[in-house]
Amino acid sequence: TSRATLPIRKEATAPRACRRGRPAPGAPRPVPGRELPGVSCVGAAWRGAVGRSTGTALGVGAALGVVCLVAGLGLGGRVGPAFAALGVMLPGLLLQDAWRYSFFAAGSGRKAFLNDVVWGVALVPAMVVAARVGTVAAFVLAWGASATVAAGYGCVQSGIRPRMTEARGWLR
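The sections below set out a description of the structure shown in this document. As the structure is a computational prediction, the values presented were derived from the model and not from experiment.

Points about the overall build of the protein
Working step 1: A tally of regular secondary structure across the protein gives 6 helices and 0 strands.
Working step 2: If you list the helices and strands of the protein from N to C, you get α-α-α-α-α-α.
Working step 3: Here the contacts in the protein between residues at least 6 apart in sequence split such that 65% fall between residues at least 24 apart.
Working step 4: Just so you have it, the protein exposes about 10,100 Å², and 66% of that area is on carbon and sulfur atoms.

Quick notes on the nonpolar core
Working step 1: Ranked by size, the top nonpolar core spans 10 residues in total: Trp46, Val50, Leu58, Leu95, Trp99, Phe103, Ala106, Ala112, Ala151 and Ile160.
Working step 2: Of all elements in the fold, only helix H2 (44-75) and helix H3 (80-105) reach the threshold of two or more residues within this core.
Working step 3: Of all hydrophobic cores here, the second largest spans 7 residues; its members include Met89, Leu93, Trp119 and Ala147.

Examining helix H4 (residues 109-133)
Working step 1: With 25 residues, H4 should reach 36 Å at 1.5 Å per residue; the first-to-last C-alpha distance of 35 Å fits that figure.
Working step 2: A bend of about 30 degrees at Val124 is the largest found in H4, and the proline Pro125 appears one to four places after it.
Working step 3: Along H4, the residues classified as buried are Ala112, Asn115, Trp119, Ala122, Ala126 and Ala130.
Working step 4: Turning to H4, the residues buried within the fold contact H3 and helix H5 (136-158).
Working step 5: Remark: Gly134 follows H4 within two positions and exhibits a positive phi of approximately 80 degrees.

Quick look at the environment of Gly80
Working step 1: Along the chain, Gly80 falls in helix H3.
Working step 2: Sequence spacing of Gly80 and Cys68 is 12 residues, and the spatial spacing of their C-alpha atoms is 9.1 Å.
Working step 3: Excluding anything up to four places from it in sequence, Gly80 contacts Gly72 and Leu75.

Considering the packing of aromatic side chains
Working step 1: Under the definition given, this model contains 1 aromatic pair.
Working step 2: For the pair Trp99 and Phe103, a centre-to-centre distance of 6.0 Å together with 20 degrees between the ring planes defines the contact as stacked. Placement of the pair is Trp99 and Phe103 together in helix H3, with a separation of 4 residues, close to one helical turn.
Working step 3: Phe103 gets classed as buried once you look at its relative accessible area, which sits at 0%.

As for the pattern of salt bridges
Working step 1: By the definition in use, this model includes 3 salt bridges.
Working step 2: Between Arg100 and Asp116 there is a salt bridge; the shortest N-O distance is 3.1 Å. A residue pair is termed long-range when its members are at least 10 positions apart, and Arg100 in helix H3 and Asp116 in helix H4 qualify at 16 residues.
Working step 3: Accessibility expressed as a relative area gives 28% for Asp116, which makes it partly exposed.

Reading the values: rules and limits
One numbering rule holds for all chains: residues counted from 1, following each sequence as written. Selection of residues for local features in this predicted model requires a pLDDT of at least 70, selection of side-chain atom pairs for listing and counting requires 80 or more, and totals for whole chains, interfaces and linings are taken over all residues. Side-chain numbers come from the whole structure's heavy atoms, not from hydrogens or water. Under the scheme used here, helices are H or I runs from DSSP no shorter than 4 residues and strands are E runs no shorter than 2 residues, and both carry numbers assigned from the N terminus. The criterion used for residue contact is that any of the two residues' heavy atoms lie within 4.5 Å. In these tables, accessible area is a Shrake-Rupley quantity obtained with a 1.4 Å probe, and a residue counts as shielded only by the protein chains included in the view. Here, nonpolar core refers to any group of buried Ala, Val, Leu, Ile, Met, Phe, Trp, Tyr and Cys residues whose side-chain atoms link them within 4.5 Å. A 1.4 Å probe rolled over the protein chains alone gives each residue an accessible area, and that area as a share of the maximum for its type sets the label: buried under 20%, exposed over 50%, partly exposed in between. Every helix has an expected span of 1.5 Å times one less than the residues it contains. The quantity called bend is, for any residue, the angle between two axes fitted respectively to the seven residues ending at it and the seven beginning at it. Ring pairs shown here join Phe, Tyr and Trp side chains whose ring centres sit within 6.5 Å, with only the six-membered ring taken for Trp; geometry is labelled stacked below 30 degrees between planes, edge-to-face above 60, and tilted in between. Here a salt bridge means any side-chain nitrogen of Lys or Arg lying within 4 Å of a carboxyl oxygen belonging to Asp or Glu.

Given below as C-alpha cells:
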C-alpha cells in the first residue's frame, strides 16, 4: 500500500498519558500494520521526532566520524587504521542505536529486539571475514558494517527516513 492511501490519523492529545504507556483520551485505535503494536499514542508527533532524532544521529555520527577519520590518518601505525575505520562506520553505528531507542520509546521492544537480531546475524559473516584479515580495523569495520545493515533495516521497520536537515531543531 502506498503512503498516499494510508488513513490519516489525528495525534494524541495527552502526551503525559502516552509517556505512561496508556492511550490518550480520544486517541484512535491503531490501524493493523500501520502503527507499532499496542501503542495508540504513537502517531505523527512520534514519527516527526524520530525523523529528527535519527537525522541528528546521522549528522553527529558523520561529524565525529570525520574527526576520527582525520585522527586515524594522522596517527598511522597500528592504532590509526582502527580510528579511521571507526570514523567511516560511526554514522551507521549511531543510527542503529537511535532506531533501538526510538522503538523502545514507542513501547515496541519487539522491534528493537528484532533490529538487534538483524545486527547480530549480519555480524557473524562480517566477523568471519575480519578474522581472516586479522586486524583491529577489520573488526571495527565488521562491527560498523553490520550495524549499518541493521540501521537500514530500522528505516524499513519504521517507514521513516532520517531527516538530517532537521537536526538543528532536534538539538534545541
